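So you can see what is in the structure, the chains are spelled out below.
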Amino acid sequence: DTGVSQDPRHKITKRGQNVTFRCDPISEHNRLYWYRQTLGQGPEFLTYFQNEAQLEKSRLLSDRFSAERPKGSFSTLEIQRTEQGDSAMYLCASSLLRWASTDTQYFGPGTRLTVL
Amino acid sequence: KQEVTQIPAALSVPEGENLVLNCSFTDSAIYNLQWFRQDPGKGLTSLLLIQSSQREQTSGRLNASLDKSSGRSTLYIAASQPGDSATYLCAVSYLLGAGSYQLTFGKGTKLSVIP
């Protein structure tokens, strides 16, 4: 397995445009997380899925943001009507939570978004 | 609200030196604590994970300790090398309810190891 992958790696867009990012988790992992990281800060939790169910959403996830994991495998994060404040690195992570497991999260390389 | 603080924000050491990075958190009701490494413009690599019932974990030249009651963790790096230069992030996982967990990160310590 090659780990968590994200596409695209870089995205430059104009303010007001919609963007969509994709995350492919490690194949057997049942949990998938999205984080946002701005320069000089640690990642901030946005949302996570267990299989196809979205179980938690941060207050950072405004109504312009939507995330899906339709078949419990890959996930997409869409940002509508982008704003300059959305410029950040968007990180995806996956984990396998089973009884007595540690729920270690494995991160992808991230998608760097620049909103002009 | 859980808050995670890392001290120092940046550290520069000569090659070969042993060093300690510090992490503190405000809510001791954590599920586990992880230390990550992040290279510039890259994703995160998990280094060590300590369950709330454990006191320390070791991997090679790295040793992480956890004192849950005082809300502190340290990452000890022995015999530092230039390849250790990166930002080190501490993150605590805690249970929100109904099997739902959340990771809260510190801002990281940027380590530079000078050859």
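Just so we're clear, the structure is a prediction, and the values are computed from it rather than from any experiment.

> Provide a residue-level description of unusual backbone geometry, including the pertinent values.
When glycine is set aside, most residues are seen to have a negative phi, and most peptide bonds are trans. The peptide bond linking D7 of chain A to P8 of chain A adopts the cis configuration, its omega dihedral lying at -5 degrees. Note the cis peptide between I7 of chain B and P8 of chain B, where omega equals 0 degrees. Mapped onto the secondary structure, P8 of chain B falls in the loop between β1 (4–7) and β2 (10–14). A positive phi angle is found at N51 of chain A, which is not glycine, with a value near 55 degrees. Position of N51 of chain A relative to the elements: it lies in the loop between β5 (44–50) and β6 (53–57). Here the phi dihedral of R81 of chain A falls at roughly 50 degrees; this positive angle occurs in a residue that is not glycine. One can find R81 of chain A in the loop between β8 (75–79) and β9 (88–95). Look at R81 of chain A and you get partly exposed, because its relative accessible area is 45%.

> Give me the pattern of salt bridges: which residues, what numbers.
The tally for this structure, following the rule as stated, stands at 5 salt bridges over all chains. With its nearest N and O atoms 2.7 Å apart, the salt bridge here joins R22 of chain A to D24 of chain A. For the salt bridge of R37 of chain B with D39 of chain B, the shortest nitrogen-to-oxygen distance reads 3.0 Å. We classify R37 of chain B as buried; its relative accessible area is 18%. What makes D39 of chain B partly exposed here is its relative accessible area of 28%.

What counts and how
Residues numbered from 1 in each chain as written. Chains lettered and ligands numbered in written order. Predicted model: local features only at pLDDT ≥ 70, side-chain atom pairs only at ≥ 80, totals over all residues. Heavy atoms only, no water. Helix = DSSP H or I, 4+ residues; strand = E, 2+ residues; numbered from the N terminus. Buried < 20%, exposed > 50% of the residue type's maximum accessible area, 1.4 Å probe, protein only. Salt bridge = Lys/Arg side-chain N within 4 Å of Asp/Glu carboxyl O.

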